[in-house]
Amino acid sequence: MALSISISISISLLLIFLSHFPSSHAEPFIGVNYGQVADNLPPPSETAKLLQSTSIQKVRLYGADPAIIKALAGTGVGVVIGAANGDVPSLASDPNAATQWINSNVLPFYPASKIILITVGNEILMSNDPNLVNQLLPAMQNVQKALEAVSLGGKIKVSTVHSMTVLGSSDPPSTGSFAAGYQTGLKGILQFLSDTGSPFAINPYPFFAYQSDPRPETLAFCLFQPNAGRVDSKTGIKYTNMFDAQVDAVHSALKSMGFEKVEIVVAETGWASRGDANEVGASVDNAKAYNGNLIAHLRSMVGTPLMPGKPVDTYLFALYDENLKPGPSSERAFGLFKTDLSMVYDVGLAKSSSSSQTPSGKVTSSGWCVPKKGATNEELQASLDWACGQGIDCGAIQPGGACFEPNNVASHAAYAMNMYFQKSPKQSTDCDFSKTATVTSQNPSYNSCVYPGGGGGAAGSKAVMNKYVSSDKVEKKNGANVSSSLSFLLIFLSLIFHVYM
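To start, this report covers the structure provided alongside it. (Residues numbered from 1 in each chain as written. Predicted model: local features only at pLDDT ≥ 70, side-chain atom pairs only at ≥ 80, totals over all residues. Heavy atoms only, no water.)

**Examining the nonpolar core**
- Residues Ile81, Ile118, Phe178 and Phe200 are the most contacted members of the largest nonpolar core, which totals 97 residues.
- For phenylalanine 200, the residues in contact, after removing those within four places along its chain, are Ser159, His162, Phe178, Leu186, Leu190, Leu193, Val250, Leu254, Val262, Glu263, Ile264 and Val265.
- With 30 residues, the next largest nonpolar core counts Leu380, Ile392, Met419 and Phe433 among its residues. (Core = buried A, V, L, I, M, F, W, Y, C linked by side-chain atoms within 4.5 Å. Buried < 20%, exposed > 50% of the residue type's maximum accessible area, 1.4 Å probe, protein only. Contact = heavy atoms within 4.5 Å.)

**Notes on the packing of helix α11 (residues 284–299) against helix α12 (residues 377–388)**
- Between α11 and α12, the least distance of the axes is 7 Å, while the angle of their chain directions is 125°. It follows that α11 is oblique to α12 by the angle criterion. Our pair here, α11 against α12, has a crossing hand that is right-handed. When α11 is examined against α12, the residues Asn293, Ala296 and His297 are found in contact with a partner set consisting of Gln381, Asp385, Trp386 and Cys388.
- A class-by-class count of the residues in the contact of α11 with α12 yields three nonpolar, three polar and one charged. (Axes fitted to C-alpha atoms, helices over the stretch in contact; angles between N-to-C directions. Helix = DSSP H or I, 4+ residues; strand = E, 2+ residues; numbered from the N terminus. Parallel < 35°, antiparallel > 145°, perpendicular 65-115°, else oblique. Left-handed = near helix turned anticlockwise from the far one by under 90°. Nonpolar A, V, L, I, M, F, W, Y, C, P; charged D, E, K, R; others polar.)

**Digging into the state of the cysteines**
- Using the criterion set out here, one finds three disulfides in the structure.
- Each sulfur of the disulfide joining cysteine 403 and cysteine 449 lies 1.9 Å from the other. Note on the cysteine 403 and cysteine 449 pair: the S-S dihedral is about 105°, so by sign convention the disulfide is right-handed. Taken together, the residues span a long stretch of sequence, with cysteine 403 in the loop between α12 and α13 (409–422) and cysteine 449 in the loop between β16 (437–440) and α14 (474–500) at a distance of 46 residues. (Disulfide = S-S within 2.5 Å.)

**Overview of the environment of valine 32**
- On the secondary structure map, valine 32 appears in strand β1 (residues 30–34).
- Remark: the alpha-carbon pair of valine 32 and alanine 267, spanning 235 residues in sequence, is separated by 8.7 Å.
- In contact with valine 32, not counting residues within four places along its chain, are Leu51, Ile56, Lys58, Val59, Arg60, Tyr315, Leu316, Ala318, Leu319 and Leu336.

**A short note on the sheet that holds strand β2 (residues 58–61)**
- Reading around the circumference, β1-β2-β3-β4-β5-β8-β11-β14 is the order of the eight strands in this closed barrel, with parallel pairing throughout. The sheet shows a mean angle of 25° between the axes of neighbouring strands, direction not considered.
- Summarising the sheet, β2 and strand β3 (residues 78–83) pair through three bridges and their orientation is parallel. Pairing of lysine 58 across the sheet is with glycine 78, part of β3.
- Packing against the sheet, helix α10 (residues 242–256) makes contact with β8 (200–203), β11 (264–269) and β14 (314–316), and its axis sits at approximately 135° to β11.
- Contacts from α11 reach β1, β11 and β14, with the element oriented near 160° to β14. (Pairing = 2+ DSSP bridges.)

By themselves, these figures tell us nothing about what the structure is for.
Below, the structure written as structure tokens:
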């Protein structure tokens, strides 16, 4: 008995220890919406294989298609399932209906299929149906009780999804607030989310923001491209992209009602790759820029100005084009992949393109491109997002990568700027980044983080210490800590087995 307990404790300690090592492809903050309003979608089994070939870690379904849920079993991909708007009245009025819904859509598949969230309804507050709006919270409560009855409360969260029009004010972000007409209904929902630790799910779309303000500077702001930025007049914070501004407006709205600790999840965001003649901004280039730069922004781990240091869980819209969706042409053109499983455009989601290895390859430029002294974090973040969205490999500055430490904007921007410069033609303008970068003859490489450059041979030479690193022993220190901790754990385990064997 003592041996069994000791082994169990030892294994638990080992698992806790190993859980602190990041996977080079672990990006749990990147998800995708899997819509099904189409008649040409590939079989669920093929979609499951496609997802496993990418760094996408979560999938949101608008319903609870058993074939899809089953196909995702054993993949490790988190699954969000949805109760349709039409299900809300019965879920609200009859607890047995909620129990049956869980029995049919969750229990046959969980835990093999990693169901993590149930969304009850989609944008119901925008339905203009007061009866349906009033039934939303009771429906969520009954689904929660049904989960708790089978010991899944807390393991699977319950929420609902809102559009950005639920906000009455969003500019500047610090003044974000919910529209007065929704605040009464939202208060109960927010209290439910707070009590259950569930997220507030919202659909921000810079694509639609640009359509309402189609100026060139607005497009750059929406696409994470270098721009002058927009200053929040209340806080003095400069925003360099629309996504952060919209998400922070939601955060401010939650704070204004006393729920700033409720997590925000971006349930949908994306950009159409084509549209009708009157749909400005809908193009492959813009869709690639938005989604690619958004992914790079999330991978930078910088967060938003009001919620720094942690990326917002984000579900891209969408996995495939949906050829049967009604409305303008853009509605049928948000897919990242074609139904033949090929990419519509490459935004760096393939696992091979998010490698944590330090890249190598032919260097076409002399010297190294690094940030100028005096460049602000906001400017560098914009440059970082843009550079990583141009098809270069920024895997080395992702968690577990050779250049991830030190984890700060200046260091990550320096790496990304240089990678872009080295893969571009030999022109000084390729190391400009809105006048925030310059070419240097000093090799910024450090430890095992290698910056390509220096005319072809210097990248491998002994480097001066990267000035963006606070210590030239960062990696050695981390490596020493890992080594000593692992050694301690192995000694600890061997002692337990020696005593009890």
